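Residue-level listing of the chains:
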Amino acid sequence: MTSQNDNSGEESCWQNFKKAILPTCFSILIGFVAAFFLPKIIGEEFSVRSAARAYSPLVGESRGTEGRDKVSVLLIDDRSLQNAHQSWPASYGYYARLVDALVRYRAKAVFIDVVFASSRDDPSLTRFTESVCRASEAGTRVYLAARRNETGSFKLRPEIQALVPRCVQPVAIEYDPDALDQMAWNYRLAPEQTPDGSKLSSVAATMYQDLAGRPLQEVNLPLAINWGYEPAERGIGWLVPVKSDKPGEVLPQAATYASYCRSPDNEYYETLPPAVRSIFRPEDYKPFCVFNNTLYPADLVTASEDDERRLETNVQDRVVMVGMALQGSNDRVTSPLHGNIPGVYMHAAALDNLLFYGDDFKRNAGLGEEGRWRVLVLLTIGFLAMVCMNAVGKCVKKRFSFEPEKCKSQSCRRACSAGDFLAAKGVGFIFYTVFFAGMIWFGQKFLNLGVLAVADVAGFAILSEWLNWGDRLANWWSPSKESASEHSAA
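Everything numeric here is computed off the predicted structure, so don't read it as measured data.

## Section: the packing of aromatic side chains
- Taken as a whole, this structure holds 10 aromatic pairs when the rule is applied.
- Both rings, one in Tyr-92 and one in Phe-116, keep their centres 5.3 Å apart while their planes meet at 50°; by these two values the pair is tilted. Remark: Phe-116 occurs in the loop between β2 (109–112) and α5 (125–137) and Tyr-92 occurs in helix α4 (residues 92–104); sequence separation between them is 24 residues. Each member of the pair, Tyr-92 together with Phe-116, is buried.
- Taking the centre distance of 5.2 Å and the plane angle of 70° together, the rings of Tyr-95 and Phe-116 count as edge-to-face. On the criterion of sequence distance, the pair formed by Tyr-95 in helix α4 and Phe-116 in the loop between β2 and α5 is long-range, its members being 21 residues apart. In this pair, the class of Tyr-95 matches that of Phe-116, namely buried.
- Here the aromatic cluster, defined as three or more aromatic residues joined through ring pairs, consists of Tyr-92, Tyr-94, Tyr-95, Phe-116 and Phe-128.
- Looking at Arg-120, its charged tip hangs above the ring of Tyr-92, at a distance of 4.5 Å from the centre.
- Across from the ring centre of Phe-361, 3.9 Å away, lies the NZ or CZ of Arg-363, which sits over that ring.

Encoded structure:
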């Protein structure tokens, strides 16, 4: 008797597995259609960006700080210009002094995220050109930001352009934020074409290839930035005003300002929605502090041996990226972890990713692009996983049903039906959460796919499964005996 029950159970589970194939096919098909059309029709709120942002802490925490320890950021803010008796735009002599100081502390390379394209009367230009050439002779390569001009070319002002490639190397800083949520998910690696037939690569791609001494593979696919998780010891010095919770209370001067950012907690806790986290700690609405070690021009003036050691730690044998953090500046990007930050941190994050992953950097690929085989492999794995989940879910539901049909009273049937519904949704939530996390982990680990590339494939397929669209379409396409009998009974 037991043997017969076990065999019937095994047969039932196998039948459930076969029955799950067609609904899963429809779920994935619906997922593809939804992933393509819904963001264009409904917008980001109904897309998978929120799930991708929630998973970002897990991705950032998993990759460590090895690449970060090779890249530092030097921020020029309004106070820095005031202390140097400068106004915007700062003189070329100001940048010359910064380059000289970084060379003195033996920086491996310097990138200045300021476009020196327009001609302006500045007698210190000669000092700047001499400074960058001295840096090159000392072994410190200088990279200068370049943006397309009205003719489509990447040109610096003639006096500086004449130093290419002997003393300086221009790099492209073109950047397209995500069309849906305006965040910096991806970073261009492919060289930018110019009307004269020449090419210019991005900051991170150029600097990595120069440092590694070899070209990157698959540069036609954009880099999917994995933003770092653990904050640097020294980050952005921005402050925000603080008000007392008690009416009329005056806070001490030292307590009237607080940091705009915070240190993250456990990475799993950080995947919770901000509204949930802020219940436990009100400051959890703040973004994470930046990942890269940050200096200011004032730090280059040392007054003690401790200052010297700090500079040697943050500059010697490192890439130093010089960026702007001026009030009112539009040179900002939005990170899923760090909020709205100066654009130089995006270039630092991209270079950090390349230094950490090498040719295994994470890519944002689609079915119509060079890396479509990665998406096809992910689809195959996801299809098999969803079939198994669907089959197991049906088997669990059948074996652990509250059996409302055995109830004699209507209230009992309603209670059992509600129990079945809640149990099914609870099991489904666990299954789909594990499936989504597993797909992202597999795509990152074995296929080098970015979070968004995986989320776009998996997210809407999960939504389709959650709403039973696949089952309904499968029953319409090929009605089962159970659904036919229910229809005739009705």
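## A closer look at the side chain of Gln-169
- Residue placement: Gln-169 occurs in strand β4 (residues 168–172).
- Beyond its immediate sequence surroundings of up to four residues, Gln-169 is in contact with Arg-141, Val-142, Tyr-143, Leu-144, Leu-200 and Thr-206.

## Description of the state of the cysteines
- Under the counting rule described, the total for this entry stands at two disulfides.
- A sulfur-sulfur distance of 2.2 Å marks the disulfide that ties Cys-133 to Cys-167. Here the disulfide of Cys-133 and Cys-167 is right-handed, its torsion about the S-S bond being about 100°. Of the two residues, Cys-133 is situated in helix α5 and Cys-167 in the loop between α6 (158–161) and β4; the sequence distance between them amounts to 34 residues. For the pair Cys-133 and Cys-167, a shared accessibility class is recorded, and that class is buried.
- Across the disulfide from Cys-261 sits Cys-289; the S-S distance is 2.0 Å. The chirality of the disulfide connecting Cys-261 with Cys-289 is right-handed, given an S-S dihedral of about 90°. One end of the pair, Cys-261, is in the loop between β10 (257–259) and α8 (274–280); the other, Cys-289, is in the loop between α8 and β11 (293–295), with 28 residues separating them in the sequence.
- Among the residues examined, Cys-261 registers a relative accessible area of 7% and is labelled buried.

## Thoughts on helix α10 (residues 344–357)
- Taking 1.5 Å of rise per residue, the 14 residues of α10 would be expected to cover 20 Å, and the 20 Å separating its terminal C-alpha atoms lies within 8% of that figure.
- The buried fraction of α10 amounts to 12 of the 14 residues, a majority that puts the element mostly inside the structure.
- For α10, the full list of buried residues reads Val-344, Tyr-345, Met-346, His-347, Ala-348, Ala-349, Ala-350, Leu-351, Asp-352, Asn-353, Leu-354 and Tyr-357.
- Positive backbone phi, at 65°, marks Gly-358, one or two positions downstream of α10.

## A look at the pattern of salt bridges
- For the coordinates displayed, the defined rule picks out 18 salt bridges.
- Across the pair Asp-176 and Arg-188 runs a salt bridge whose closest N-O atoms are separated by 2.2 Å. With a gap of 12 residues between them, Asp-176 in the loop between β4 and β5 (186–187) and Arg-188 in the loop between β5 and β6 (192–193) connect regions that are remote in the sequence.
- Its relative accessible area of 29% is what places Arg-188 among the partly exposed residues.
- For the salt bridge of Asp-284 with Arg-281, the shortest nitrogen-to-oxygen distance reads 3.1 Å.
- Given a relative accessible area of 27%, Arg-281 falls into the partly exposed group.
- Through salt bridges that share partners, Arg-262, Asp-265, Glu-270, Arg-277, Arg-281 and Asp-284 make up one connected network.

## Some thoughts on a nonpolar patch on the surface
- Among the surface-exposed residues, Leu-272, Val-276, Ile-279 and Phe-280 lie close enough to one another that they form a single nonpolar patch of about 390 Å² accessible area.
- Tracing the backbone shows Leu-272 in the loop between β10 and α8.

## So, the sheet that holds β2
- With parallel pairing, the six strands of this open sheet are ordered in space as β4-β3-β2-β12-β1-β11. Looking along the sheet, the strands with just one partner apiece sit at the ends: β4 and β11. Strand-to-strand twist in this sheet, taken as the mean axis angle between neighbours without regard to direction, amounts to 25°.
- For strand β3 (residues 141–146) and β4, the ladder comprises five bridges, and the chain directions are parallel. By the bridge assignment, Ala-145 is partnered in β4 with Val-171.
- The strands touched by helix α9 (residues 305–315) are β1 (71–77), β11 and β12 (319–325); relative to β11, the strand with the most contacts, the crossing angle is about 125°.
- Running at roughly 175° to β1, α10 makes contact with β1, β2, β11 and β12 of the sheet.

What counts and how
Residues numbered from 1 in each chain as written. Predicted model: local features only at pLDDT ≥ 70, side-chain atom pairs only at ≥ 80, totals over all residues. Heavy atoms only, no water. Phe/Tyr/Trp six-rings, centres within 6.5 Å; stacked < 30°, edge-to-face > 60°. Helix = DSSP H or I, 4+ residues; strand = E, 2+ residues; numbered from the N terminus. Buried < 20%, exposed > 50% of the residue type's maximum accessible area, 1.4 Å probe, protein only. Lys NZ or Arg CZ within 6 Å of the ring centre and 35° of its normal. Contact = heavy atoms within 4.5 Å. Disulfide = S-S within 2.5 Å. Expected span 1.5 Å × (residues − 1). Salt bridge = Lys/Arg side-chain N within 4 Å of Asp/Glu carboxyl O. Patch = residues over 30% accessible without salt bridge, like charges linked within 9 Å, V, L, I, M, F, W, Y side chains within 5 Å. Areas by Shrake-Rupley, 256 points an atom, 1.4 Å probe, with all protein chains shown as cover. Pairing = 2+ DSSP bridges. Axes fitted to C-alpha atoms, helices over the stretch in contact; angles between N-to-C directions.

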